[in-house]
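Observations on chain architecture
Read off the chains here:
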Amino acid sequence: HKKVAILISGGGSNMVSLAKSMVGDHPGRPCLVLSNLPTAGGLQKAADMGIPTAVVDHRSFKGDREVFEEELISVIDAYAPDAIALAGFMRILTPKFITHYAGRMLNIHPSLLPKYKGLHTHQRAIEAGDAEGGCSVHEVTAELDDGPILGQARVPILPGDTPDDLAARVLVQEHRLYPAVLRRFLEGETEPLIL
Ligand code: GAR
């Protein structure tokens, strides 16, 4: 099987959907769940699924991004992953880190890229009066929330939606999209998947 390391910062619901999908004839298996925050709720969920976990707390590197990333790389590479899935990992990564995992790293972003890179995607989509929101899985390249789009799923934006309403509607689709895209990626399929 191909080994997949999953990087999280929070509740890890996307991590759970990815990990649960990697069973049976799936080409991948989770080898590591790593968080930059010791309080991330996803760590316990990963441990409960029997997946090795690790914490590299960025705060203990006192702003030295380079040393933080060197530690990340050394922890991740001990598991020799074939692919890295960013799943709500909320640290910006430098080109050096990204280059190290070139062609092996995916991210899920809660907007219909190229719209709304960065933060507060749902609020920005609502304020712009968009009729649709959604999520994108893309290969990670040096530019933030850029790189070839591997899949997208769309949802309607309804009158009166709050950012939380829209986030919840999009998250349901994230949990469908990311496992499907990861599977295709591990099988070498790069045509975008549109759900
Ligand atoms: C997800 O909605 C993901 O798309 C988003 O964070 C959430 C993580 O939830 N990612 C980003 O905003 C990346 N900049 P989860 O921890 O339950 O998977």
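Sequence order as written defines the numbering, with residues in each chain counted from 1. pLDDT decides what is reported in this predicted model: residues at 70 or higher carry local features, side-chain atom pairs at 80 or more are listed and counted, and totals for whole chains, interfaces and linings draw on all residues regardless. Side-chain metrics in this entry use all non-hydrogen atoms of the structure; hydrogen atoms and water are not considered.

For clarity, the cut-off: UniProt positions are given in the numbering used here, feature names are shortened, and annotations may be inferred rather than shown by experiment.
Within an unreviewed UniProt entry, the label attached to the protein reads Phosphoribosylglycinamide formyltransferase, and the organism entered is Celeribacter persicus. Quoted verbatim from the Sequence similarities (unreviewed entry) field of UniProt, the annotation for the protein is "Belongs to the GART family."

1. Looking at the overall build of the protein
Put simply, the test is: Strands here mean DSSP runs of E at least two residues long; helices mean DSSP runs of H or I at least four residues long; both are numbered from the N terminus. Radius of gyration here is computed from C-alpha atoms only, and the compact-globule reference equals 2.2 Å multiplied by the residue count raised to the power 0.38. Classification of residues uses two cut-offs on accessible area relative to the type maximum, computed with a 1.4 Å probe and protein chains only: under 20% is buried, over 50% is exposed, and between them is partly exposed. We call two residues in contact when some of their heavy atoms are within 4.5 Å. The accessible surface values rely on the Shrake-Rupley method and a 1.4 Å probe; as for residues, cover is taken only from the protein chains in view. In this count, Lys and Arg are taken as positive residues and Asp and Glu as negative ones, while His and the chain termini are left out. The location of each charge is read from NZ of Lys, CZ of Arg, CG of Asp or CD of Glu.
A count of helices and strands for the protein gives 6 helices and 8 strands. For 195 residues, the compact-globule estimate of 2.2 N^0.38 gives 16 Å, and the C-alpha radius of gyration of the protein, at 16 Å, lies within 12% of that figure. Across the 195 residues that make up the protein, the buried fraction comes to 47%. Residue pairs at least 24 apart in sequence account for 61% of intrachain contacts in the protein once pairs closer than 6 positions are excluded. Summed over its atoms, the accessible surface of the protein is roughly 9,100 Å², and 56% of this surface lies on carbon and sulfur atoms. On the protein, the mean spot of the 19 positive side-chain charges and the mean spot of the 24 negative ones are 3 Å from each other.

2. Points about the nonpolar core
This is how it is decided: Joining through side-chain atoms within 4.5 Å is the link that ties buried Ala, Val, Leu, Ile, Met, Phe, Trp, Tyr and Cys residues into a set, and such a set is a nonpolar core.
If you look at the biggest cluster of nonpolar residues, it comprises 35 residues, and the most contacted ones within it are Val4, Ile6 and Tyr178. Among the secondary structure elements, those contributing two or more residues to this core are β1 (2–8), α1 (13–21), α2 (42–48), β4 (83–86), β5 (105–109), β6 (132–139), β7 (149–156) and α6 (163–186). The greatest single-element share of this core, amounting to 8 residues, is contributed by α6. Not counting the four nearest positions on each side in its chain, Tyr178 is found in contact with Asn14, Leu18, Ala85, Leu86, Ala87, Leu106, Asn107, Ile108 and Val137. Grouped together as the second largest cluster of nonpolar side chains are 22 residues, Phe68, Leu86, Phe97 and Val140 included.

3. Overview of the sheet that holds strand β8 (residues 193–194)
The cut-off we apply is this: A pair of strands counts as paired when DSSP detects no fewer than two bridges linking them. Every angle, taken between N-to-C directions, lies between 0 and 180 degrees, and every axis is a line fitted to C-alpha atoms, over only the stretch in contact when it is a helix.
Spatial strand order, β3-β2-β1-β4-β5-β6-β7-β8: 8 strands in an open sheet with mixed pairing. Edge positions in the sheet fall to β3 (53–55) and β8, since each of these pairs with one other strand and no more. Strand direction decides the pairing type here: β5 and β6, joined by 4 bridges, are antiparallel. Among the inter-strand pairings, Ile108 is bridged to a residue of β6, identified as Val137. Here helix α3 (residues 65–77) sits on the sheet and contacts β1, β2 (28–35), β3 and β4; the angle it forms with β2, its principal contact strand, is near 150 degrees. Most of the contacts of α6 go to β7, to which it runs at about 155 degrees, and overall it touches β1, β2, β4, β5, β6, β7 and β8.

4. Regarding the UniProt feature "domain: Formyl transferase N-terminal" (unreviewed entry) in the protein
With numbering aligned to this structure, UniProt lists the feature "domain: Formyl transferase N-terminal" (unreviewed entry) at residues 2–182. Helix makes up 34% of residues 2–182 and strand 24%. Its end C-alpha atoms lie 11 Å apart.

5. Notes on unusual backbone geometry
The step from Leu113 to Pro114 runs through a cis peptide bond, and the omega angle for that step is 15 degrees. Residue position: Pro114 is located in the loop between β5 and α5 (121–127). With a phi angle near 55 degrees, Tyr116 is a residue other than glycine that sits in the positive phi range. Within the secondary structure, Tyr116 is located in the loop between β5 and α5. One non-glycine residue, His120, adopts positive backbone phi at about 55 degrees.

6. Re the site of the ligand
What counts, and what does not: Note on definitions. A residue lies near a molecule or strand when any single heavy atom of the residue is within 4 Å of it. Polar contacts here mean pairs of N or O atoms no more than 3.5 Å apart (in protein, one a potential hydrogen donor and the other a potential acceptor; neighbouring residues in sequence count only if both atoms are side-chain atoms).
Residues in contact with the ligand, as listed here, are Gly11, Gly12, Ser13, Asn14, Gly88, Met90, Ile108, Pro110, Leu171 and Glu174. Contacts to the ligand include Asn14, whose backbone N or O atom sits 2.9 Å from an oxygen atom. For the ligand, whose free accessible area comes to 450 Å², the fraction covered by protein is 80%. Elements with a minimum of two residues in the shell around the ligand: α1 and α6.

7. Considering the environment of Ile51
Topologically, Ile51 is positioned in the loop between α2 and β3. Overall, the relative accessible area of 8% leaves Ile51 in the buried class. Separated by 116 residues in sequence, Ile51 and Ala167 place their C-alpha atoms 27 Å apart. Contact partners of Ile51, with chain neighbours within four places excluded, come to Ala19, Pro30, Cys31, Leu32, Val33 and Ala46.

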